[in-house]
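Listed below are the residues making up each chain.
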Amino acid sequence: MASTSSAGERALQGPEFGLNEWLVDEQYERYLHDPESVDEKWRDFFVARASATGWREPTGTPSPNRNAREAALKAVRVNALIHAHRARGHLAAHTDPLAAVAPVAAHAELDVAAFGLSEEDLDEEFVVDGFAGRDTMTLRAVLDVLRASYRGTVGAEYMHIQAVEERRWVQERIEAPAPPPDRADQLQILYRLGAAEAFETFLQTKYVGQKRYSLEGGESAIVLLDALLHRCVRRGMREAVIGMAHRGRLNVLANIVGKSYGSIFHEFEDAVDILSAQGTGDVKYHLGAEGTYHAPDGGSVAVSVVANPSHLEIAGPVAEGVVRAKQDLADGGGEAFPVLPVVVHGDAAFAGQGVVYETLNMSQLPGYRTGGTVHVVINNQLGFTTSPASGRSSTYATAVARTVEAPVFHVNADDPEAVVRIARLAFDYRQTFHKDVVIDLICYRRHGHSEVDDPSITQPGMYDRIDATPSVRTLYARALVGSGAIDERQAEGALRDYRERLERAFAETRALPGAGFRRPATPTGSGDDTAARVPTAITEAAARHVIASQTGQPADFTVHPRVLPQLRRRTTMLDAGTVDWATAETLAIGSLLMEGVPVRLAGQDSRRGTFGQRHAVLTDRRTGAEHTPLNGLGAGTADFTPYDSSLSEMAALAFEYGYSLERPDALVLWEAQFGDFANGAQSVVDEYVASSEQKWGERSGVTLLLPHGLEGQGPDHSSGRIERFLQLCAQGNMTVAVPTLPGNYFHLLRQQALTERRRPLVVFTPKSMLRLKEATSGLTDFTTGSFRPVLPDGAVDGAGVRRVLLCSGKVFYDLDAYRRNAGLRDTAIVRLERLYPFPDAELAAELARFPSDAEVRWVQEEAGNQGAWSFVRPHVERLAGRAPELTGRPPASAPAVGSARRHAAEQKELVEAAFR
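**Student:** Please clarify how helix H33 (residues 900–914) should be interpreted in this entry.
**Tutor:** In an α-helix, one turn spans 3.6 residues, which is why side chains three or four residues apart end up on the same side. For H33, which comprises 15 residues, the first-to-last C-alpha distance of 21 Å matches the rise-based estimate of 21 Å (1.5 Å per residue) to within 8%. Of all the positions in H33, only His903, Gln907, Leu910, Val911 and Ala914 are classed as buried. The arc enclosing the buried residues of H33, seen along the axis, measures out at 95°, which places them on a common side. Exposed and facing more than 90 degrees away from the buried side of H33 are Arg901, Arg902 and Lys908. For H33, the elements touching its buried residues are strand S20 (803–807), helix H30 (811–822), strand S23 (855–863) and strand S24 (885–889). Two to three positions downstream of the cap, the backbone nitrogen of Arg901 sits 3.3 Å from a side-chain oxygen, assigning the N-cap of H33 to Ser899.

**Student:** I keep staring at the confidence of the model for the protein chain and nothing clicks. Help me out?
**Tutor:** Do not read the fine detail of predicted coordinates wherever pLDDT is low. For the protein chain, the mean per-residue pLDDT works out to 89, and 90% of the residues sit at or above 70. Counted against residues more than four places away or in other chains, residues 272–278, with its pLDDT under 50, gives 23 contacts. Note that residues 514–525 has pLDDT below 50 and, in this model, 27 contacts with residues that lie over four places away or in other chains.

**Student:** Please explain the packing of aromatic side chains as it appears in this structure.
**Tutor:** Aromatic ring pairs are described here by two measures, namely the spacing of the ring centres and the angle between the planes. Enumeration according to the criterion identifies 22 aromatic pairs in this entry. Consider the rings of Phe746 and Phe782, whose centres lie 4.9 Å apart with planes at 85°: the pair is edge-to-face. Of the two residues, Phe746 is situated in helix H28 (residues 742–754) and Phe782 in helix H29 (residues 780–783); the sequence distance between them amounts to 36 residues. Residues Phe746 and Phe782 agree in their burial class; the two are buried. Residue placement shows Arg600 over the ring face of Tyr659; its charged tip is 4.8 Å from the ring centre.

**Student:** Can you walk me through the nonpolar core in this structure?
**Tutor:** Looking at soluble globular proteins, one finds that nonpolar side chains tend to be buried together. Counting 105 residues, the largest nonpolar core has Leu139, Phe199, Ile242, Val252 and Phe265 as the members making the most contacts within it. If sequence neighbours within four positions are ignored, Val252 has contacts with Ile222, Leu225, Ile242, Met244, Val257 and Val305.

**Student:** Any chance you could explain the sheet that holds strand S8 (residues 374–379) here in plain terms?
**Tutor:** Strand pairing in a sheet relies on backbone hydrogen bonds, with the paired strands running either antiparallel or parallel. What the eight strands build is an open sheet, ordered S3-S9-S10-S8-S7-S4-S6-S5; its pairing is mixed. Lying at the two open borders of the sheet, with one neighbouring strand each, are strand S3 (154–157) and strand S5 (289–294). Strand-to-strand twist across the sheet, computed as the mean angle between neighbouring axes with direction ignored, equals 20°. In terms of strand pairing, S8 meets strand S10 (residues 437–442) through six bridges, oriented parallel. Paired with Asn379 across the bridge in S10 is Ile442.

**Student:** What is the right way to read the sheet that holds S23 from this model?
**Tutor:** Ordered in space as S19-S21-S20-S23-S24, the five strands form an open sheet in which the pairing is mixed. The two strands at the open ends of the sheet, each matched to only one other strand, are strand S19 (790–791) and S24. Here S19 pairs with strand S21 (residues 827–832) via two bridges, running antiparallel. Bridging from a neighbouring strand, Leu791 pairs with Arg831 of S21. Packing against the sheet, H33 makes contact with S20, S23 and S24, and its axis sits at approximately 165° to S24.

**Student:** Whenever I open this one, the side chain of Asn255 confuses me. Can you help?
**Tutor:** Within the secondary structure, Asn255 is located in helix H10 (residues 249–257). Residue classification places Asn255 among the buried positions, given a relative accessible area of 7%. Among the polar contacts made by the side chain of Asn255, one reaches the side chain of Asn251 at a distance of 2.6 Å. When near neighbours in sequence (up to four residues on either side) are disregarded, Asn255 contacts Arg192, Ala195, Ala196, Phe199, Ile222, Tyr261 and Tyr498.

**Student:** I'm lost on helix H17 (residues 460–467) in this one. Help?
**Tutor:** Among all positions in H17, only Met462, Tyr463 and Ile466 are buried. Take H17 and look down its axis: the buried residues cluster within an arc of 90°, on one side only. Exposed side of H17, more than 90 degrees from the buried face: Asp464 and Asp467 are the residues found there.

**Student:** It is not clear to me how the environment of Tyr213 should be interpreted in this structure. Could you clarify?
**Tutor:** Within the secondary structure layout, Tyr213 lies in the loop between helix H8 (183–206) and helix H9 (220–235). Sequence-wise, Tyr213 and Glu451 are 238 residues apart; in three dimensions their C-alpha atoms are separated by 6.8 Å.

**Student:** Looking at this structure, I do not really get the packing of H8 against H9. What am I missing?
**Tutor:** Helices that pack against each other are described as a pair by the angle of their axes relative to one another and the distance between those axes. Here H8 crosses H9 at 130°, and the two axes come no closer than 8 Å. It follows from the interaxial angle that H8 and H9 lie oblique. Between H8 and H9 lies a crossing of right-handed hand. In this structure, H8 contributes Gln188, Ile189, Arg192, Leu193 and Ala196 to the contact, and H9 contributes Ser220, Ile222, Val223 and Asp226.

**Student:** Can you walk me through the environment of Leu139 in this structure?
**Tutor:** Turning to its location among the elements, Leu139 is positioned in helix H6 (residues 139–150). For Leu139, a relative accessible area of 0% puts it in the buried group. With 17 residues separating them in the primary sequence, Leu139 and Leu122 have C-alpha atoms 4.7 Å apart. Those residues in contact with Leu139 that lie beyond four places of it in its chain are Val78, Leu81, Val112, Leu117, Ser118, Asp121, Leu122, Glu124 and Phe126.

**Student:** Even after reading the chapter, I still don't get the pattern of salt bridges, so can you show me in this structure?
**Tutor:** As a working rule, side chains carrying opposite charge can pair if their charged atoms are close by. Tallied over the entire structure, the rule returns 47 salt bridges. Here Lys74 and Asp121 are joined by a salt bridge, their closest N and O atoms 2.7 Å apart. Of this pair, Lys74 sits in helix H4 (residues 64–88) while Asp121 sits in the loop between helix H5 (107–110) and strand S1 (125–127), and the two are 47 residues apart along the sequence. Between Arg147 and Asp144 there is a salt bridge, and its shortest N-O distance comes to 3.9 Å. With Arg147 and Asp144 both in helix H6 and three residues apart, the pair spans about one turn of that helix. On the basis of relative accessibility, which here comes to 46%, the residue Asp144 falls in the partly exposed class. Linked by salt bridges that have partners in common, Asp793, Asp816, Arg819 and Arg820 make up one network.

Criteria and cut-off values
- Residues numbered from 1 in each chain as written.
- Predicted model: local features only at pLDDT ≥ 70, side-chain atom pairs only at ≥ 80, totals over all residues.
- Heavy atoms only, no water.
- Helix = DSSP H or I, 4+ residues; strand = E, 2+ residues; numbered from the N terminus.
- Expected span 1.5 Å × (residues − 1).
- Buried < 20%, exposed > 50% of the residue type's maximum accessible area, 1.4 Å probe, protein only.
- Arc of directions from axis to C-beta.
- Contact = heavy atoms within 4.5 Å.
- Polar contact = N/O pair within 3.5 Å; in protein donor to acceptor, adjacent residues only side chain to side chain.
- pLDDT = per-residue confidence, 0-100.
- Phe/Tyr/Trp six-rings, centres within 6.5 Å; stacked < 30°, edge-to-face > 60°.
- Lys NZ or Arg CZ within 6 Å of the ring centre and 35° of its normal.
- Core = buried A, V, L, I, M, F, W, Y, C linked by side-chain atoms within 4.5 Å.
- Pairing = 2+ DSSP bridges.
- Axes fitted to C-alpha atoms, helices over the stretch in contact; angles between N-to-C directions.
- Parallel < 35°, antiparallel > 145°, perpendicular 65-115°, else oblique.
- Left-handed = near helix turned anticlockwise from the far one by under 90°.
- Salt bridge = Lys/Arg side-chain N within 4 Å of Asp/Glu carboxyl O.

Right, dumping it as structure tokens:
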């Protein structure tokens with residue numbers, strides 16, 4: 001049959017059908033004449049093409065089938081409209097309190113016309129398959145629900161979540177009608193807003209020009225936290241831990257944690273006793289606190305805010321570590337994750353700082369799970385002076401949260417009732433799925449970044465709008481008065497009462513005598529007397545019991561054939577006197593477990609060990625099942641929890657630091673894959689590990705294991721940057737050690753775990769020495785003695801020595817080998833196994849064995865501007881009574897050369913130079 005359809009209609013068909021076009025035309029002509037004359041598949045095809053391209057429909061009276069098909073097609077379009085709102089409705093939500101109306105740009109793609117629907121369809125009934133709990137709805141009713149759910153003051157992002165049950169859970173709650181708050185809820189919201197506003201206004205008035213990082217413009221954050229903690233109380237949770245940066249911190253301490261106004265005012269008056277546990281202290285908006293949140297209807301929950309430095313988001317993983325430690329200490333009854341972590345962020349920092357992603361990525365990992373964190377972004381829509389267009393490449397500051405499939409709720413902070421509703425929803429999501437959830441509280445910053453700068457210089461238009469915007473408390477009070485919920489007198493009376501309380505606290509603070517500015521006390525001495533008194537040797541029976549565990553796998557467990565010989569060798573080392581580094585570490589950890597001391601080890605590939613040396617966790621060669629030998633030491637022993645971390649240093653170390661704060665009973669170890677990688681955690685080392693006790697009175701026993709040694713592996717696998725850690729040492733703040741014998745490492749770890757007075761420990765651990773035959777210990781090295789900060793040279797007669805070589809680490813074995821090969825008897829080699837606290841007494845005793853005119857040299861592998869030289873030089877000069885010389889590589893900008901051959905030549909020259 002020849003086709004009678006016009007060429008123009010054929011052009012509308014879309015795809016070209018080639019040689020089969022005649023068949024399509026023939027079927028189409030038959031369809032136009034009588035739709036029932038073609039197969040059902042052809043009918044469906046032509047109906048679809050008609051809606052998409054404008055093909056003509058059959059003339060004449062529509063058949064019932066045609067009407068059914070049209071109804072079905074429109075139902076599909078209605079469901080596409082619903083899906084579009086679920087996926088992109090947040091773009092059209094009115095979440096910006098500074099905008100008069102919701103965004104217009106997203107409206108067109110969510111309009112009914114974009115889905116082939118019109119006003120004529122508004123009152124038609126469509127199948128909606130359970131939307132809003134209904135099977136069928138009119139299009140008008142569908143639109144009403146969609147606008148209320150997705151285009152109000154809350155924008156919900158959750159369609160990126162892969163789990164169907166999670167998406168459905170959020171949908172059911174977002175699309176359900178929001179129950180109106182009762183009068184008690186409204187009064188609580190108003191009270192919290194009033195308290196938050198009055199606190200900031202009071203400080204602004206009393207302490208003009210002082211930095212406080214106020215919450216003005218974001219007072220709904222207090223309402224949000226109040227709702228979260230109230231939910232905690234109702235759920236019977238044990239505790240909540242808050243990590244947050246500066247903005248709003250003082251307000252949270254006062255109005256959520258319950259820190260007294262007098263204490264806060266003291267800090268503004270600089271009247272804090274600086275001889276307190278805080279050492280020299282810190283600025284007031286960095287300090288942490290512990291307190292109790294009291295619910296308005298009774299009940300309470302412990303709540304704390306962790307201290308933090310100006311490195312903003314670094315407080316997040318610290319808080320997570322604190323929470324994980326508290327949960328590990330819980331008895332296990334009731335809640336699976338009985339402590340709630342809440343991390344409060346700034347928008348610019350959430351988008352801009354990589355540690356945020358690192359922390360999010362850890363949220364579901366075995367070693368770091370805390371049962372889900374509620375992240376609250378106080379979104380000022382502005383950094384210090386940087387606008388979002390210059391600060392991030394994403395639509396939202398929260399885009400990074402989508403990578404871990406966390407739901408994100410953008411909420412207008414000027415709708416505090418919506419804020420409460422979303423806070424409750426976020427808490428319930430966390431409790432149901434034990435996953436992170438993000439609340440993007442979109443607000444503004446009424447003053448400059450720190451109240452002392454003028455933000456209108458860089459954002460004049462924005463601050464014109466802010467100046468014209470009443471506070472959220474004012475807006476909410478007006479709304480309540482307008483609805484008749486309260487009267488004007490009640491609204492102002494609550495605020496007046498709160499201001500009067502502040503005035504009384506202020507007056508009391510001014511009446512107290514100031515503490516003055518006395519010289520701060522040193523947190524601890526520089527000596528190590530306490531640690532030296534701790535017995536660290538173990539019995540032979542304990543050592544053998546620990547070693548036996550290494551080959552005591554379950555009967556049906558198949559150890560990898562390359563690992564089994566290593567484990568079997570461990571069982572012979574005690575008798576052979578060849579205990580290597582990994583075995584000594586196993587003895588230290590196992591014996592501590594037997595004494596009831598838990599041990600946590602985390603790091604990149606740490607369960608196996610970067611160098612294939614540890615094998616703390618074994619993997620069945622056939623089934624992939626895992627077995628941890630040291631957890632098979634018998635009943636009554638503590639837990640050993642070794643974890644492979646994500647490929648992160650900053651968040652990972654911050655987490656372990658936080659964990660160590662809450663677990664002084666445990667040995668907490670963090671291992672870098674190579675010592676150099678600690679560079680990625682430098683902020684944690686500077687701001688927490690080295691200085692937290694002096695700033696905040698926080699005592700941590702976290703231990704850093706940093707593989708170190710120049711062995712021809714290039715610049716980035718050589719130096720753990722000993723010089724950086726030593727530069728941070730003062731006032732007994734941490735221990736820095738470079739042990740060269742497995743037995744000494746054993747005692748060092750046990751000393752760290754058993755010493756009552758905790759301080760961080762930094763251990764520069766070996767690489768090649770892990771399997772060096774000379775670097776082994778015998779049984780008596782573990783059953784007697786203790787950690788020796790200086791290893792004397794017993795190989796030479798002190799009276800005949802004319803040259804003393806002082807060193808630390810692997811270079812000792814190179815020096816010793818050269819001396820033995822050369823048959824030299826006039827050179828002593830003394831090892832400093834601990835660099836800080838500096839072993840004055842021990843080194844002085846060893847130097848006293850040698851003639852007073854003997855030459856003293858410090859030998860190091862590192863360049864002259866690196867390594868321990870700058871630190872040890874004045875100590876050695878003081879103890880030796882003469883200036884030491886340096887033997888090392890020339891000053892350099894990189895830690896090591898990139899050529900293994902060149903490294904070997906340098907090392908040979910360095911060793912020879914030490915004896916010239």
